[in-house]
Amino acid sequence: MVGPGTDPRAAAAGSGPVPKRRNTELALLGFAVLVTLAAQCIVDITVTGSLTSEVATFGAWFTALWVIAHLLVRRFAPYADPLLLPCVAMLVGLGLVMIHRLDIAGGQLGSSGGGGGEDAPVQLLWATVGLGLFTAVLVVVRDHRVLARFAYTLALVGLVLLAIPAVLPSSISEVYGAKLWIRVAGFSIQPGEFAKICLIVFFAAYLVDKRDVLALASRKVAGLELPRGRDLGPVLVAWAASILVLVFERDLGSSLLLFGIFVVMLYVATERASWLVIGLLLFSGGAFIAYQLFGHVRVRVDTWLDPFAYADEGGYQIVQSLFGLGTGGLFGAGLGGGRPDQVPVAKSDFIASAIGEELGLFGLVAVIVLYLILVERGLRTSLVVRDGFGKLLSAGLAFAVAWQVFVVLGGVTGLLPLTGLTTPFLAYGGSSLVANFGLIALLVRISDAARRPTAPPAPTPPKLTEAPTEVVRP
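(A) Broad picture of the packing of aromatic side chains. Applying the stated criterion across every chain, the model contains 13 aromatic pairs. Ring pairs connect the aromatic residues F58, F62, W66, F425 and F437, which therefore count as one cluster. Residue placement shows R75 over the ring face of F76; its charged tip is 5.0 Å from the ring centre.

(B) Just the packing of helix α6 (residues 151–167) against helix α8 (residues 192–214), in detail. It is at 8 Å that the axes of α6 and α8 come closest, and there the two elements cross at 150 degrees. For the element pair α6 / α8, the angle class is roughly antiparallel. Here α6 runs over α8; the crossing is left-handed. Mapping the contact onto sequence places A151, Y152, L154, A155, V157, G158, L159, L161 and L162 in α6 and G192, F194, A195, C198, L199, V201, F202, A205 and Y206 in α8.

(C) Main features of the environment of Y267. Position of Y267 among the secondary structure elements: in helix α10 (residues 252–270). When the C-alpha positions of Y267 and R211 are compared, they lie 9.8 Å apart, and in sequence the two are 56 residues distant. Those residues in contact with Y267, other than ones at most four positions away along the chain, are R272, A273 and L276.

(D) Summary view of the nonpolar core. One finds W66, V92, F134, L393, I440 and V444 to be the most contacted residues of the largest nonpolar core, which totals 120 residues. A per-element tally of this core places helix α4 (residues 84–109) first, with 15 residues. Residues contacting L393, with those up to four places away along its chain left out, are L147, I200, V201, A204 and I446.

Cut-offs applied
- Residues numbered from 1 in each chain as written.
- Predicted model: local features only at pLDDT ≥ 70, side-chain atom pairs only at ≥ 80, totals over all residues.
- Heavy atoms only, no water.
- Phe/Tyr/Trp six-rings, centres within 6.5 Å; stacked < 30°, edge-to-face > 60°.
- Lys NZ or Arg CZ within 6 Å of the ring centre and 35° of its normal.
- Axes fitted to C-alpha atoms, helices over the stretch in contact; angles between N-to-C directions.
- Helix = DSSP H or I, 4+ residues; strand = E, 2+ residues; numbered from the N terminus.
- Parallel < 35°, antiparallel > 145°, perpendicular 65-115°, else oblique.
- Left-handed = near helix turned anticlockwise from the far one by under 90°.
- Contact = heavy atoms within 4.5 Å.
- Core = buried A, V, L, I, M, F, W, Y, C linked by side-chain atoms within 4.5 Å.
- Buried < 20%, exposed > 50% of the residue type's maximum accessible area, 1.4 Å probe, protein only.

Quick look at the structure:
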């Protein structure tokens, strides 16, 4: 913002606080790149005993990625929050290092935990594609308020993306029992990651239009202001959609994620805690019915309640994850010093377990703090931005990241049932990484609008009575 004694026109032209903010971002990006390259070298030296030739290529590519991202933000969103991009860079870098470490373990030992193959270069390629989407969003969406005009179109797109895996044959869409994917000719995509963003935009636009109606209360029960029965329609629709996802796609994670986002955005829009209570009761009831009617839900919940009783079957993954976290202790086994490859699908679903084993509780908490900073800056943006749509959209995007991280870490540590969601920016997966780059681009765009100084008011002409008298000589 423009401080006292600062010319607003100079700030708008690029002098004043804008270069300082962007220089801060550049310095933090440099620190993230340095930490990533140091971690990559530690992994190579610890596991193989020498530095590989790929380190130089990886370092140049990774550095170029964030230099380009910084220049794009400097050009198209100069007032954006300077902490958003560095947090993402650190998370992406740490994820690449851990995937590379699992690649080496998988190549040396042939274990199933790494997933097989060299996935770190593929993830770096997906990060580059994500940067392309980041660029497209910043260039095309010059004003986030324009998205509100396409809210219902984006809602339709989001619902179609959610429904496609459910109607496709299991041979194309099913992985580990959940129908989340579209796999054709060796190429796979998880459309639900993009549907999440489309639906958040729709939720924000819809709630801005209907917030006054939804905030009306008909009666008080146990200290809670309950809404009118006729206003429960949107929540019931969102609840039904989440249950359909749970039933037909066998995807607890997406179901929990979408319904949770909608209920929290509804609470933010109306400031009424009763919506949270109603949402919790609805989802609990739906989950109980699904547990009674569908075997795959029952198996997953039973495995969560007592994973060691199913250690040779469905509980093997969570049991190995708990052993890995216990082995890591407070300070970890060190990069390259543990056995995170013993956890199945460690590169994607259980990468947090791999980090906890090799970096310990302190390292895992540091990663959580990065997410907290990212979410806090998104929520701060929602407080500062001037329009209601931007407030709800920013809050929804920030909460989506927070809720997804909570659900994933809850599954890894046994606090919640396993959901199949991936840790944003950290885990292996092209769809998740690319979609989250688009999410961050929207946050950057909104934060730029929130912190951009308002134009100085145009000078008003003097009133006729205040105009000086002039003598006109013939």
